[in-house]
Protein chains: 4
Amino acid sequence: MESTVDRPRLSVQHRVLYAECDPFGVVYNVNYLIFFEHARVELMRAQGLSYRELKERGYEMPIIETGARFKKPADYDDLITITAICVKQTRTRLFIEYEVTRENELLTTGFTNHVLVTREGELRRFPDWLAEVFERRPQA
Amino acid sequence: MESTVDRPRLSVQHRVLYAECDPFGVVYNVNYLIFFEHARVELMRAQGLSYRELKERGYEMPIIETGARFKKPADYDDLITITAICVKQTRTRLFIEYEVTRENELLTTGFTNHVLVTREGELRRFPDWLAEVFERRPQA
Amino acid sequence: MESTVDRPRLSVQHRVLYAECDPFGVVYNVNYLIFFEHARVELMRAQGLSYRELKERGYEMPIIETGARFKKPADYDDLITITAICVKQTRTRLFIEYEVTRENELLTTGFTNHVLVTREGELRRFPDWLAEVFERRPQA
Amino acid sequence: MESTVDRPRLSVQHRVLYAECDPFGVVYNVNYLIFFEHARVELMRAQGLSYRELKERGYEMPIIETGARFKKPADYDDLITITAICVKQTRTRLFIEYEVTRENELLTTGFTNHVLVTREGELRRFPDWLAEVFERRPQA
């Protein structure tokens, strides 16, 4: 596996709501995928192009595959950190990985694979101006 | 309060999911408003115009006010019944009420008030063809 | 209506996610009630007792009534502010009001009314140590 | 890949709600994982042990890994079919696969891998009475 140290990455923090927990008292699993979205949109914004701007230019980046491994549960009211890492990009695919931690303890990992489509749903290759967004080094 | 006996009404059933419950083991309150939507769209379909068709004609009926009273909680895996009743309609407003029951025990009541807007968000009066949808008597 | 200027209040900010929007491109109405929870728990924490601590002491504060008025929609990626105000408290009820704004424009108002119950679901009067939490003046 | 023809399976139907769609007008991806839960709990019920009964016996089956591939989107108001198939079981793991279709068109596939834990969160091997639940042939 290639190192992702030099890849664009961004972390956000989130306080777990009651609304996000289940009768077992922990975060219901699907909510982690919403947390992934939170980190992903802030990664894009930090890289210079928000998802909103991408939409305004007439594009969407739907997820064609996703997955997650749940190692330890997050509890109600926990302060968790979600990190999105743009691990790889090809002309037709964007691969983003995620880590959810609580005080340096790894709780969940996951990924999303994206394609680029027009507003009408037609597949497109990633143009240079968009490819660059996911290649820029994170600022030190 | 006027009788709603003769008003258009429709009931749907729903089995409570784990995803809809909170750490207290009961349905998290906001999910009842999603249950309301479920009953409301089936009421419209039964009255002869689905919300999808309304959208295809270029309209939306956004909620401008909603409310709910929670009397008893629904538990995980409970089979509940949600009834939507079109209680009143004016040229500019639609009032729908809801009852959530479990084996004839009343759990929750609520309401939604709607306006009619175009796809672009402009307010419109309810045209006759739409007003009729909410006036038709339920079939015996 | 009594002034709420001197009442405990707290504001949180939230960036609207794709997950929270509907096909009309705006925040789906029930999500505002989750935003209310976000502001309410931070209000309690700022007042000196988090909801988590309340739970650990064996209590819950379920909502018995809620309502909201939607004046203007929040769009995808909007940065909104949610303010929770503890407007009134009796021995058996807690009334909290909410305002959702975007750059000083009022989008949504709402309220939740709460009771106090034990972990087993039995109604209780608000004890002094809990009543105080909702009476303390906000720090200047 | 082994055939799953003889494996326990069950299908449920679901009408897509506005609440489940995103600004692109299609089902927001994480909702498919909630649909998976819907099919999974009905599969267990049909096999003779509801998840509620499992809980009442003091157990939970948390998901340790999940994944999904999104081939075609489901639109608002679509009637979709979700099929859960118990593909494999070992003493410590349960593997369930899912298919989401609309009129025989495959929209989404996915899986969940489960472990068995006590109410206190301690790992357990699947006892015989539970293993049987996931091995019984579907009734013809």
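In this text the structure is predicted, and so the values were computed from the model without any measurement.

Asks: Hey, could you run me through the interface of chain A and chain B in this one?
Replies: By a widespread convention, an interface's size corresponds to the accessible area lost as its parts come together. Of the residues lining the interface, 9 residues belong to chain A; the matching set on chain B comes to 9 residues. Across the side of chain A that touches chain B, the residue classes tally to 7 nonpolar, 1 polar and 1 charged.

Asks: It is not clear to me how the pairing of strand 6 (residues 105–114) of chain D should be interpreted in this structure. Could you clarify?
Replies: All names here are of chain D. Relative to strand 6, strand 3 (residues 63–70) is paired through 7 bridges, and the arrangement is antiparallel. Among the inter-strand pairings, Ala68 is bridged to a residue of strand 6, identified as Gly110. Of the pairings in the sheet, the one linking strand 5 (residues 94–102) to strand 6 comprises 9 bridges and is antiparallel in character. Bridged to Phe95 within strand 6 is Asn113. Between strand 5 and strand 6, which pair antiparallel and follow one another directly, the connecting turn spans 2 residues, one of which, Glu103, has a positive phi of 50 degrees.

Asks: Please clarify how the relation of the copies chain A and chain B should be interpreted in this entry.
Replies: Copy one and copy two of the chain differ by a rotation about a common axis and a shift along it. Mapping chain A onto chain B calls for a rotation angle of 180 degrees and an axial translation of 0.0 Å; the resulting RMSD is 0.0 Å. In symmetry terms, the pair is related by a two-fold rotation axis.

Asks: Looking at this structure, I do not really get the interface of chain B and chain C. What am I missing?
Replies: Contacts between the two partners involve 14 residues from chain B and, on the opposite side, 14 residues from chain C. Put simply, the parts of the chain that give the side of chain B that touches chain C at least two residues each are helix 1 (31–46) and strand 3 (63–70) of chain B. The element best represented in the side of chain B that touches chain C is strand 3 of chain B, accounting for 8 residues. Looking at the side of chain B that touches chain C residue by residue, the class counts come to 8 nonpolar, 3 polar and 3 charged. Bridge count for strand 3 of chain B against strand 3 (residues 63–70) of chain C is 5 bridges, and the pairing is antiparallel. For Thr66 of chain B, the partnering residue across the bridge sits in strand 3 of chain C and is Ala68 of chain C.

Asks: Is there a simple way to think about the relation of the copies chain B and chain C in this case?
Replies: If you rotate chain B by 180 degrees and push it 0.0 Å along the axis, it lands on chain C with an RMSD of 0.0 Å. With an isologous cut-off of 70% or more, the 100% of interface residues of chain B that recur at the interface of chain C puts this contact in the isologous class.

Asks: I'm lost on the sheet that holds strand 7 (residues 116–118) of chain D in this one. Help?
Replies: Through backbone hydrogen bonds, the strands of a sheet pair up, either in parallel or in antiparallel fashion. Residues and elements named next belong to chain D. In space, the 3 strands of this open sheet follow the order 2-7-8, with antiparallel pairing throughout. The outermost strands of the open sheet, each flanked by one partner alone, are strand 2 (59–60) and strand 8 (123–124). Across 2 bridges, strand 7 lies against strand 8 in antiparallel orientation. If you follow Val117 over to strand 8, its bridge partner there is Leu123.

Asks: I'm lost on the pairing of strand 4 (residues 79–89) of chain A in this one. Help?
Replies: Residue and element names in this part refer to chain A. In this sheet, strand 4 lies alongside strand 1 (residues 9–15) in antiparallel orientation, the contact comprising 7 bridges. Across the sheet, the residue bridging to His14 is Ile80, located in strand 4. Inspection of the sheet shows strand 4 paired to strand 5 (residues 94–102) by 8 bridges, in the antiparallel sense. Note on strand 5: the bridge partner recorded for Ala84 is Tyr98. Between strand 4 and strand 5, which pair antiparallel in sequence order, lie 4 residues.

Asks: Any chance you could explain helix 1 (residues 31–47) of chain A here in plain terms?
Replies: Side chains of residues three or four places apart in an α-helix project in the same direction, reflecting 3.6 residues per turn. Residues and elements named next belong to chain A. For helix 1, spanning 17 residues, the distance from its first C-alpha to its last is 25 Å, which sits close to the expected 24 Å at 1.5 Å a residue. Every buried residue of helix 1 is accounted for by Asn31, Tyr32, Leu33, Phe35, Phe36, Glu37, Ala39, Arg40, Val41, Leu43, Met44 and Gln47. The inward-facing, buried residues of helix 1 abut strand 1, helix 2 (51–56), strand 3 (63–70), strand 4, strand 5 and strand 6 (105–114). Of the residues one or two after helix 1, Gly48 is the one with positive phi, at around 110 degrees.

Asks: Would you mind showing me how to read the sheet that holds strand 5 of chain D here?
Replies: The sheet built from 10 strands is open, its strands ordered 1(A)-4(A)-5(A)-6(A)-3(A)-3(D)-6(D)-5(D)-4(D)-1(D) with antiparallel pairing. The sheet is open, and its two edges are formed by strand 1 of chain A together with strand 1 (9–15) of chain D, each paired on a single side. Strand-to-strand, the axes of this sheet are offset by a mean angle of 15 degrees, without reference to chain direction. Packing against the sheet, helix 1 of chain A makes contact with strand 1, strand 3, strand 4, strand 5 and strand 6 of chain A, and its axis sits at approximately 135 degrees to strand 1 of chain A. Each of strand 1, strand 3, strand 4 (79–89), strand 5 and strand 6 of chain D touches helix 1 (residues 31–47) of chain D; the most contacted strand, strand 1 of chain D, lies at about 135 degrees to it.

Asks: It is not clear to me how the confidence of the model for chain A should be interpreted in this structure. Could you clarify?
Replies: Caution applies to low-pLDDT regions: their predicted coordinates should not be interpreted in detail. In the predicted model, chain A carries a mean pLDDT of 94, and the fraction of residues at 70 or more is 96%. In the predicted assembly, ipTM is 0.92 and pTM is 0.94.

Asks: Looking at this model, I keep getting lost on the nonpolar core. Mind explaining?
Replies: Inside soluble globular proteins, nonpolar side chains tend to come together where they are buried. With 140 residues, the main nonpolar core has Phe36 of chain A, Phe36 of chain B, Phe36 of chain C together with Phe36 of chain D as its most contacted residues. Those residues in contact with Phe36 of chain B, other than ones at most four positions away along the chain, are Ile82, Ala84, Tyr98, Gly110 and Thr112 of chain B.

Asks: Whenever I open this one, the environment of Phe95 of chain C confuses me. Can you help?
Replies: All names here are of chain C. Relative to the assigned elements, Phe95 resides in strand 5 (residues 94–102). Distance from Phe95 to Asp128, taken between C-alpha atoms, is 17 Å for residues 33 residues apart in sequence. Discounting residues that sit within four places of it in the chain, Phe95 has contacts with Val87, Lys88, Phe111 and Asn113.

Calculation notes
Residues numbered from 1 in each chain as written. Chains lettered and ligands numbered in written order. Predicted model: local features only at pLDDT ≥ 70, side-chain atom pairs only at ≥ 80, totals over all residues. Contact = placed C-beta atoms within 7 Å. Nonpolar A, V, L, I, M, F, W, Y, C, P; charged D, E, K, R; others polar. Pairing = 2+ DSSP bridges. Helix = DSSP H or I, 4+ residues; strand = E, 2+ residues; numbered from the N terminus. Least-squares fit on C-alpha atoms with pLDDT ≥ 70 in both. Expected span 1.5 Å × (residues − 1). Buried ≥ 20, exposed ≤ 12 C-beta atoms within 10 Å, placed from the backbone. Axes fitted to C-alpha atoms, helices over the stretch in contact; angles between N-to-C directions. pLDDT = per-residue confidence, 0-100. Core = buried A, V, L, I, M, F, W, Y, C linked by C-beta atoms within 7 Å.

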